[in-house]
Amino acid sequence: MFDPKTKILIVDDMSTMRKLVMKACREIGFSDFTEAADGVQGWQTLSSSEQSFGLVISDWNMPNCTGLDFLKRVRADGRLKNTPFILVTAESEGAQVKEAIMAGVNNYVVKPFTTDSLRTKLEETHARVGK
Amino acid sequence: MSQFKCTQEKEKHIIKIPASFTAEFAAAFQGESQAWLLLPAEVHVLDFDGVLVVDQATYAPVLQFSRLLRSSGKQFRSINMSKTILNQIKAHGLKDAFQPLEPGSAPAAAAPAPGKMDVRFINPFLNSVASVFKTQAQTTLRPGKPFLRNEKTTIDIGIIGLISLNSTQFKGNIGLCFPTQVFLNVYERMLGEKHSEITQEIEDAVAELLNIIYGAAKTELNKDFGFDLQPALPTVLRGEKLEMRMQNRNPIIVLPFEADVGAFHVEIATEPMTHKRSA
């Protein structure tokens, strides 16, 4: 599992969802969160931060810049490309998820999710990225 | 570069098998199927249209993929197999592994009649609402008996999350309707925050709940009945004595729910499409 001190970037245009993700992550043991309301803000936060984020959890459908486009931007950046990235989706959009897998997403979570299901996804992700 | 051309059709992931499905493709299938297993598609289909050769070396990776899918509750099928290939598969005792879809499979379901309590249509919403509230709001719901709203029906509604239903067969609306205090209780259950009035953020929570509920129900309805429901963005209405009404005045189905946070309901209104939208 990721270290409890991992710095997590949570990206979602709905503040309720950001709170739900943070609540679940807190229950898992994390405490260092930064929020962004869409992919544009997410990128600005990720790229300008002096501290490195250990994990990004991003919604899929967002205005200005979708989670997928945000992911592609992260994977194209030399410094940030290996940042663990999880996408959150409200429904099973198969073609989109495949595109995300091809773009290098580490895992995805389908809403609704419990703390336990998120924990499982985080453990899977950590195992895959080898951190 | 993928060795297999894949497409998405509704909730199916379709994998086109090459005309000569030989040993050289077995390793590629084995490797690429690891990624396919991660996909959310509930049904994975091997399309054998135009396939002339299926080498025995491909049996093992296909069998493994089939088993892994079924162990995770997903479906696996093969379609468009020629008679020759089908007989070969059967002769090797692999009909169960390949699950070929033979002629005479089930026809698509008819659209729900407006104002009729079609359980095929209602049950996915009942299940989805119960599941979302259990998972996201730690609230166990007790569904009441669905009924048709009429002029005498009076229900206290302070906030509605509304989504338009749009498919090739019908259109309509679905509303997630709460008395104000009940949704404040739900919000407190979800996030541990107590509020005395509805704020913009709390309105967003109604929209998000409905988004998740609709997404899950839509997936089931499209997969099982081919309703071809499209993604939609929810809107939120807030006020006193709100009421949902369709222009054609078809009866509206009410799905009532009770819980320790209070009572609320879902309203569903549909009417057939007069001009079919092309898919």
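Conventions adopted
- Residues numbered from 1 in each chain as written.
- Chains lettered and ligands numbered in written order.
- Predicted model: local features only at pLDDT ≥ 70, side-chain atom pairs only at ≥ 80, totals over all residues.
- Heavy atoms only, no water.
- Helix = DSSP H or I, 4+ residues; strand = E, 2+ residues; numbered from the N terminus.
- Buried < 20%, exposed > 50% of the residue type's maximum accessible area, 1.4 Å probe, protein only.
- Contact = heavy atoms within 4.5 Å.
- Polar contact = N/O pair within 3.5 Å; in protein donor to acceptor, adjacent residues only side chain to side chain.
- Phe/Tyr/Trp six-rings, centres within 6.5 Å; stacked < 30°, edge-to-face > 60°.
- Lys NZ or Arg CZ within 6 Å of the ring centre and 35° of its normal.
- Pairing = 2+ DSSP bridges.
- Axes fitted to C-alpha atoms, helices over the stretch in contact; angles between N-to-C directions.
- Buried area = accessible area lost by both parts, 1.4 Å probe.
- Salt bridge = Lys/Arg side-chain N within 4 Å of Asp/Glu carboxyl O.

K.L.:
Quick one: what's the story with the environment of B:Arg77, residue by residue and with numbers?
P.N.:
Residue and element names in this part refer to chain B. For Arg77, the location among the structural elements is in strand β6 (residues 75–79). By relative accessible area, Arg77 is classed as partly exposed at 24%. Arg77 has contacts with Val43, His44, Val45, Leu46, Phe98, Gln99 and Leu101, leaving out every residue within four places of it along the chain. A polar atom in the side chain of Arg77 sits 2.5 Å from the side chain of Gln75.

K.L.:
So what's going on with the packing of aromatic side chains? Residues and values would help.
P.N.:
The tally for this structure, following the rule as stated, stands at 17 aromatic pairs over all chains. Pairing B:Tyr59 with B:Phe98 gives two aromatic rings, centres 6.1 Å apart and planes at 85°, and the pair type is edge-to-face. Of the two residues, B:Tyr59 sits in helix α2 (residues 59–71) while B:Phe98 sits in helix α4 (residues 95–98), which places them 39 residues apart along the sequence. You can call B:Tyr59 buried: its relative accessible area is 10%. Linked through ring pairs, B:Phe4, B:Phe21, B:Phe25, B:Phe29, B:Trp36, B:Phe65 and B:Phe76 together constitute an aromatic cluster. Of note, A:Lys7 hangs over the ring of A:Phe53, and the distance from its end group to the ring centre comes to 5.1 Å. Stacked on the ring of A:Tyr108, the Lys or Arg A:Lys121 has its end atom at 4.9 Å from the ring centre.

K.L.:
Can you break down the sheet that holds strand β1 (residues 5–9) of chain B residue by residue, with the values?
P.N.:
Residues and elements named next belong to chain B. Spatially, the 4 strands line up as an open sheet ordered β1-β2-β4-β6, and their pairing is mixed. Two strands bound the open sheet, and with one partner strand each, they are β1 and β6. Each adjacent strand pair in this sheet contributes to an overall mean axis angle of 20°, direction not counted. Of the pairings in the sheet, the one linking strand β2 (residues 12–16) to strand β4 (residues 43–47) comprises 5 bridges and is parallel in character.

K.L.:
Describe the environment of A:Thr125, and please don't skip the residues or the numbers.
P.N.:
Residue and element names in this part refer to chain A. Mapped onto the secondary structure, Thr125 falls in helix α5 (residues 115–129). By relative accessible area, which is 0% here, Thr125 ends up buried. Sequence spacing of Thr125 and Phe85 is 40 residues, and the spatial spacing of their C-alpha atoms is 8.4 Å. With sequence-adjacent residues up to four places away left out, Thr125 is seen in contact with Phe2, Pro84, Ile86, Asn106 and Asn107.

K.L.:
An account of the interface of chain A and chain B is requested, with residue identities and associated values reported.
P.N.:
Interface extent is often summarised as the accessible area lost during association of the parts. Counting from both sides, the interface comprises 22 residues of chain A and, opposite them, 29 residues of chain B. Buried surface at the junction of chain A and chain B, both sides included, amounts to about 2,400 Å², of which 61% is carbon and sulfur. The largest contributions to the chain A side of the interface with chain B come from A:Thr16, A:Lys19 and A:Pro112, which together make up 23% of the buried area. For the pair chain A and chain B, the interface holds 3 salt bridges. The salt bridge partner of A:Lys19 is B:Glu193, with a shortest N-O separation of 2.7 Å. For the pair chain A and chain B, the number of links is 8 residue pairs in polar contact (both at pLDDT 80 or more). Among the elements of the structure, α1 (15–28) and α4 (94–103) of chain A are those that each provide at least two residues to the side of chain A that touches chain B. At 6 residues, α1(A) tops the list of elements feeding residues into the side of chain A that touches chain B.

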